[in-house]
Amino acid sequence: MTDTPQNITRRQLLRGAALVPVAGALAACATPASKAPASSSAAPVATSAANPFGVAADKPLEVWIFDGGFGTAYAKDIHQPLFKTKYPQAQIKIESTKEITKVLQPRFAGGNPPDVIDNSGANAMDFGALAQDGQLHDLTPLLDAPSWDDPNVKVRDLLDPAVIEIGTYDGTFSVLGYVNYIFGIWYSQKAFRDNGWQPPKTWDEFLKLCETIKKSGKMAPFTYAGKFPQYLYEPLLTLAAKIGGPEVLVNIDNLEDGAWTSEPMKQSAAAWAEIGAKYLMEGTAGLDHVQTQTAQNKYKVAMLPAGSWLENEQKTTTPADFEYGMFPLPDFTGSDKMPYGTLHTSPGENFIVPAKGANPQGGMEYLRAMLSKKAAGDFSELVRTVSVVKGAGEGRQLSPGAASASKAVTAAGANTVTYRWQTWYAQLKDEAIAATGELMTGGLTPDKYLERLQKKADEIKGDSSIKKFKR
Amino acid sequence: MLFQRYRRGLFITAFLAAPVTLYLVYVISPYIQAFYIAMTDWRGVTAAPRFVGFENFSRLFSDGIFWQAVRHNAALLVLLPLLTIVIALFFAFLLNVGGGTGGLQGISGSKLYRVIFFFPQVLAVAVVAVLFQQVFRPDGSGMLNGPLMALGVKPIGFLSDPDIAFWSVLGVMVWQAVGFYVVLFSAGLASIPRDMFEAAQIDGAGRGSLFFRITLPLLWDTVQVAWVYLGILALDVFAIVWVMTDQHGGPDFSTTVMAAEIYRNAFSYFRFGYASALGVMMFFFTVGFAIISLRLSRRERIEY
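Residues numbered from 1 in each chain as written. Chains lettered and ligands numbered in written order. Predicted model: local features only at pLDDT ≥ 70, side-chain atom pairs only at ≥ 80, totals over all residues. Heavy atoms only, no water.

1. A closer look at the overall build of chain A
Right, on to step 1. Helix and strand content of chain A: 20 helices and 11 strands.
Right, on to step 2. Relative to a compact globule of 471 residues, whose C-alpha radius of gyration would be 23 Å, chain A shows 26 Å and is just as compact.
Right, on to step 3. Counting only C-alpha atoms, chain A reaches 90 × 70 × 45 Å along its principal axes.
Right, on to step 4. With 471 residues in all, chain A has 56% of them scored as buried.
Right, on to step 5. The contacts in chain A between residues at least 6 apart in sequence include a share of 76% that link residues at least 24 apart.
Right, on to step 6. Working note: accessible area of chain A is about 18,900 Å², and carbon and sulfur atoms make up 53% of it.
Right, on to step 7. If you average the places of the 48 positive and of the 51 negative side-chain charges in chain A, the two averages end up 4 Å apart. (Helix = DSSP H or I, 4+ residues; strand = E, 2+ residues; numbered from the N terminus. Rg over C-alpha atoms; globule rule 2.2 N^0.38 Å. Buried < 20%, exposed > 50% of the residue type's maximum accessible area, 1.4 Å probe, protein only. Contact = heavy atoms within 4.5 Å. Areas by Shrake-Rupley, 256 points an atom, 1.4 Å probe, with all protein chains shown as cover. Lys, Arg positive; Asp, Glu negative; His and termini not counted. Charge placed at Lys NZ, Arg CZ, Asp CG, Glu CD.)

This is the structure we're talking about:
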């Protein structure tokens, strides 16, 4: 008897099995390898006024939507059909995910990214990294193209200038914010009416209101998404800008020396630390945005800071007569640099066209369709929010919260502020999140809090591996 | 005869070729590539990373958060095996030997307890993490804080207080690990000849001396194995921390561990080069632990 198999087919099988991993060797390669650049940047079709980017009518288009507060219905029911009316032959594939990075980062590394991406949410890809590597298509042609509705109006003229400023990386406009996020303090108009409470105009009134609500025993005065303290550093920074002017935030963005420890920042940090010590709903530090927002819907807490996506995000738990309302940050002193009504607004839902995608012309055309009056107006109505397209909300039925936010924007006029450090420097954002949580629970004094953030900002400034931005 | 030997070698090679190739391609080769990536400034999206030598490693030495993570791993490395083994040994002893008077059996109902202790092991780590998020909730809906608040005590921020969060993570890890080691130690106890216990009992040994004079020395090998397993678990803990804690390793980085920092640097900061450098450090820590534990556990076996 031999101790080897006699069956020839079994040996063939073994040999075959040994070959399988060899075939897989290429797939297991983790190190990126340079490939010849794709030749997709040249327009496949001649350009014209009706077709400013030279879109090939039958080239497929792949779109990825972040499946967040706005869902994905707007892409499938509004944008895709509109694009189809002009390019009926084009195959459009709308995909969605909550994990943009996990799904799409390998495709960038592999050199075959999709054509349009809504790069948003907590797991969005880092714009700085994408810009640094030349992965973002230049969207300047989109700005200079005629708008979808009117050939005499350029796309540029439809947009808020902040969209262009915020979407510019390394001097190139490459990220299109689609939604105008409006930040403020949100409350139930019904609860305030029923209890005779008034949205405060000054910080003293705000503190008095908190005291009144606390004493009434009906609900807690204030809360924020304790697990995500970025919800609180937003009003903290906005209040500082209101006290000291927009340059407070510009200096922070530019990593200037002592930007975090400036006097307005100290006043604001101390003011919010007081709210944290006295007026927070019990357990706030351990609750997330959904839990705190739902507590508000149940009338367990009166006010919380959030952005204009809130109403849509909470639509399933909000009572029908809740009537969301939003008020801007109150005047801190009589001598604030910026007037009452100053708002933090920031374009969000960031759409990009990857430079190395198969059909960047189609991608830009898709964005142009999104910026039409019809698409933007339908979008505002469907997801109860304000888009960046000027006048798209006119004559539309807006929900109470969206109406309240739109009114606040109109009232603010040019008095809007914004900051960008949190998208530019992810490490600083994580540090600010950690430290703000500590500030609000009393683990850090306002001075120590700002010193800690200043230290991190200085560290980033001195780190040559981190790309720096200026505004 | 020679031919037979040749055939035999071919046969073995044929069987080994597939697993060895798989191992080389999917385990060894990525390790080597990670060493290379650690010396580049790759940000994950470009096709041409720049070689930067040891820059990432020199940066790593002044990265306070990474060293905080290392300290947490070190604390886990000591505490997790210690607590788990003590608790598991105690339960295994009670379930198998410590029950009743006279007879050498487990306490009553030990078969049922054995099944219950094993439950946590059956659950996926992510499930455990989400489950304990609810258990630790800081308001009235929390399983622990609900009763506390009903008694009028202020709720405890199990996951939101930076001084407590680490202990919550440790507690969950011990809770999940104990069941498996109860079973492991039970198996170890089963292989100890009964007459040893009986002889000791006849000599008048109580439960205490049965445990310390007979059970523990004869189980020592199994305990060492458990120690190494739990040490590895403590070094590569990730999912519990990432899923369960606030801000993935927070609040204020109070629960972060090496693997979480690697993930954070790679997938939220897009510093794949730097993250690989952290991975290389973790590799050396793990290899170091393996060498030390192998050295220390060289000990004569007791033959029955």
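2. Comments concerning the overall build of chain B
Right, on to step 1. Per the secondary structure count, chain B includes 12 helices and zero strands.
Right, on to step 2. Going residue by residue from the N terminus, the α and β elements of chain B occur as α-α-α-α-α-α-α-α-α-α-α-α.
Right, on to step 3. Referenced to the eigenvectors of the C-alpha coordinate spread, the extents of chain B come out at roughly 85 × 75 × 30 Å.
Right, on to step 4. Looking at chain B as a whole, 45% of its 304 residues are labelled buried.

3. A closer look at the packing of helix H2 (residues 73–86) of chain A against helix H15 (residues 360–370) of chain A
All names here are of chain A.
Right, on to step 1. Between H2 and H15, whose axes approach to 10 Å, the crossing angle comes to 115°. By the angle between their axes, H2 is roughly perpendicular relative to H15. The hand of the H2/H15 crossing is right-handed. Listed contacts from H15 to Ala75, His79, Gln80, Leu82, Phe83 and Lys86 of H2 are Gly362, Glu365, Tyr366, Arg368, Ala369 and Met370. (Axes fitted to C-alpha atoms, helices over the stretch in contact; angles between N-to-C directions. Parallel < 35°, antiparallel > 145°, perpendicular 65-115°, else oblique. Left-handed = near helix turned anticlockwise from the far one by under 90°.)

4. What to know about the interface of chain A and chain B
Right, on to step 1. Taken together, the contact between chain A and chain B spans 55 residues of the former and 47 residues of the latter.
Right, on to step 2. Of the roughly 4,200 Å² buried between chain A and chain B, counting both surfaces, carbon and sulfur atoms make up 57%.
Right, on to step 3. Counting across the chain A and chain B interface gives six salt bridges.
Right, on to step 4. A salt bridge links Arg452(A) to Asp252(B), with the nearest nitrogen and oxygen atoms 2.4 Å apart.
Right, on to step 5. Our count for the contact surface shared by chain A and chain B stands at six residue pairs in polar contact (both at pLDDT 80 or more).
Right, on to step 6. When contributions to the side of chain A that touches chain B are tallied by element, the ones reaching two or more residues are helix H1 (8–24), helix H3 (100–109), helix H4 (127–132), helix H19 (426–440) and helix H20 (446–461) of chain A.
Right, on to step 7. Counting residues per element, the side of chain A that touches chain B draws most heavily on H19(A), which supplies seven residues.
Right, on to step 8. Along the lines of polarity and charge, the residues of the side of chain A that touches chain B split into 25 nonpolar, 18 polar and 12 charged. (Buried area = accessible area lost by both parts, 1.4 Å probe. Salt bridge = Lys/Arg side-chain N within 4 Å of Asp/Glu carboxyl O. Polar contact = N/O pair within 3.5 Å; in protein donor to acceptor, adjacent residues only side chain to side chain. Nonpolar A, V, L, I, M, F, W, Y, C, P; charged D, E, K, R; others polar.)

5. Topic: unusual backbone geometry
Right, on to step 1. The step from Gly250(B) to Pro251(B) runs through a cis peptide bond, and the omega angle for that step is 0°.
Right, on to step 2. The phi dihedral of Tyr299(A) is positive, around 60°, even though this residue is not glycine.
Right, on to step 3. Within the secondary structure, Tyr299(A) is located in the loop between helix H13 (289–297) and strand S8 (301–307).
Right, on to step 4. Using a relative accessible area of 24% as the deciding quantity, one classes Tyr299(A) as partly exposed.
Right, on to step 5. Phi at Glu349(A) takes a positive value of approximately 50°, unusual for a residue other than glycine.
Right, on to step 6. With respect to the helices and strands, Glu349(A) occurs in strand S10 (residues 343–352).

6. Comments concerning the side chain of Lys227(A)
Right, on to step 1. Relative to the elements of secondary structure, Lys227(A) occurs in the loop between strand S7 (220–222) and helix H10 (230–244).
Right, on to step 2. Using a relative accessible area of 13% as the deciding quantity, one classes Lys227(A) as buried.
Right, on to step 3. Leave out the neighbours within four places in its chain, and Lys227(A) touches Ala285(A), Gly286(A), Leu287(A), Asp288(A), Gln133(B), Asp246(B) and Gln247(B).

7. Here we look at the confidence of the model for chain A
All names here are of chain A.
Right, on to step 1. Averaged over every residue, the pLDDT of chain A is 86; residues scoring 70 or more account for 91%.
Right, on to step 2. Looking across chain A, the model is least confident in H1, with a mean pLDDT of 51, and most confident in strand S3 (residues 116–118), with 95.
Right, on to step 3. In this model, residues 1–8 is a region of pLDDT below 50 whose contacts with residues beyond four sequence positions or in other chains number 11 contacts.
Right, on to step 4. Of the regions scoring below 50 in pLDDT, residues 36–40 engages in five contacts with residues more than four places distant in sequence or in other chains. (pLDDT = per-residue confidence, 0-100.)

8. Topic: the pattern of salt bridges
Right, on to step 1. If you walk through the whole model with that rule in mind, you get 29 salt bridges over all chains.
Right, on to step 2. Here Glu365(A) ties to Lys86(A) by a salt bridge, and the two come within 2.9 Å at their closest N and O atoms. Taken together, the residues Glu365(A) in helix H15 and Lys86(A) in helix H2 connect sequence positions 279 residues apart.
Right, on to step 3. The class for Glu365(A) is buried, based on a relative accessible area of 0%.
Right, on to step 4. The class for Lys86(A) is partly exposed, based on a relative accessible area of 31%.
Right, on to step 5. Put simply, Lys242(A) and Asp331(A) hold a salt bridge, and the shortest N to O gap is 2.4 Å. A residue pair is termed long-range when its members are at least 10 positions apart, and Lys242(A) in helix H10 and Asp331(A) in the loop between strand S9 (324–327) and S10 qualify at 89 residues.
Right, on to step 6. With relative accessibility at 1%, the residue Lys242(A) sits in the buried group.
Right, on to step 7. Among the charged side chains, a network of salt bridges with common partners joins Asp463(A), Glu55(B), Arg59(B) and Arg271(B).

9. Looking at the domain arrangement of chain A
All names here are of chain A.
Right, on to step 1. Examined at the domain level, chain A breaks down into domain 1 (61–179 + 347–398) and domain 2 (182–345 + 418–461).
Right, on to step 2. For domain 1 versus domain 2, the separation of C-alpha centres amounts to 29 Å.
Right, on to step 3. The three residues of domain 1 that bury the most area against domain 2 are Gly69, Ile166 and Arg384, which together make up 43% of that side's buried surface.
Right, on to step 4. Linking domain 1 to domain 2 there are two residue pairs in polar contact (both at pLDDT 80 or more). (Domains from an automatic or database assignment.)

10. What about the nonpolar core?
Right, on to step 1. Among the nonpolar cores identified, the biggest contains 98 residues, and Trp260(A), Trp272(A), Met303(A), Trp421(A) and Tyr449(A) are the most heavily contacted of them.
Right, on to step 2. Looking at this core, the element that brings in the most residues is helix H12 (residues 272–296) of chain B, giving nine residues.
Right, on to step 3. Other than its neighbours up to four places away in sequence, Tyr449(A) contacts Tyr233(A), Leu236(A), Ala269(A), Ala435(A), Thr436(A), Leu439(A) and Leu444(A).
Right, on to step 4. Core analysis: the next-biggest nonpolar cluster, separate from the first, contains 49 residues, Leu158(A), Leu159(A), Leu176(A) and Phe183(A) among them. (Core = buried A, V, L, I, M, F, W, Y, C linked by side-chain atoms within 4.5 Å.)

11. Structural notes on the packing of aromatic side chains
All names here are of chain A.
Right, on to step 1. This structure, assessed with the given rule, holds 56 aromatic pairs over all chains.
Right, on to step 2. Taken together, a centroid distance of 4.9 Å and an interplanar angle of 55° make the contact between Tyr178 and Phe379 tilted. With Tyr178 in strand S6 (residues 176–188) and Phe379 in helix H16 (residues 373–383), the pair connects residues that are 201 residues apart, well separated along the chain. Phe379 carries the same exposure label as Tyr178, and that label is buried.
Right, on to step 3. For the ring pair Phe192 and Trp197, a centre distance of 5.7 Å and an interplane angle of 90° mean the geometry is edge-to-face.
Right, on to step 4. Here a set of aromatic residues connected by ring pairs shows up, and it is made of Phe70, Tyr74, Tyr178, Tyr181, Phe183, Tyr231, Trp309, Phe351 and Phe379. (Phe/Tyr/Trp six-rings, centres within 6.5 Å; stacked < 30°, edge-to-face > 60°.)

12. Quick notes on the side chain of Asp430(A)
Right, on to step 1. Its location among the elements puts Asp430(A) in helix H19.
Right, on to step 2. Buried and unpaired, Asp430(A) has Arg264(B) as its nearest opposite-charge partner, separated by 4.1 Å.
Right, on to step 3. Among all residues touching Asp430(A), those that are not within four sequence positions of it are Phe253(B), Arg264(B) and Tyr269(B).

13. Focus: the packing of helix H4 (residues 110–122) of chain B against helix H7 (residues 165–190) of chain B
All names here are of chain B.
Right, on to step 1. It is at 7 Å that the axes of H4 and H7 come closest, and there the two elements cross at 125°. With respect to H7, the element H4 is oriented oblique. Crossing handedness for the pair H4 and H7: left-handed. Contacts between H4 and H7 involve Phe117, Phe118, Pro120 and Gln121 on the former and, on the latter, Trp175, Gln176, Ala177, Gly179, Phe180, Val182 and Val183.
Right, on to step 2. Counted by class, the contact of H4 with H7 contains eight nonpolar, three polar and no charged residues.

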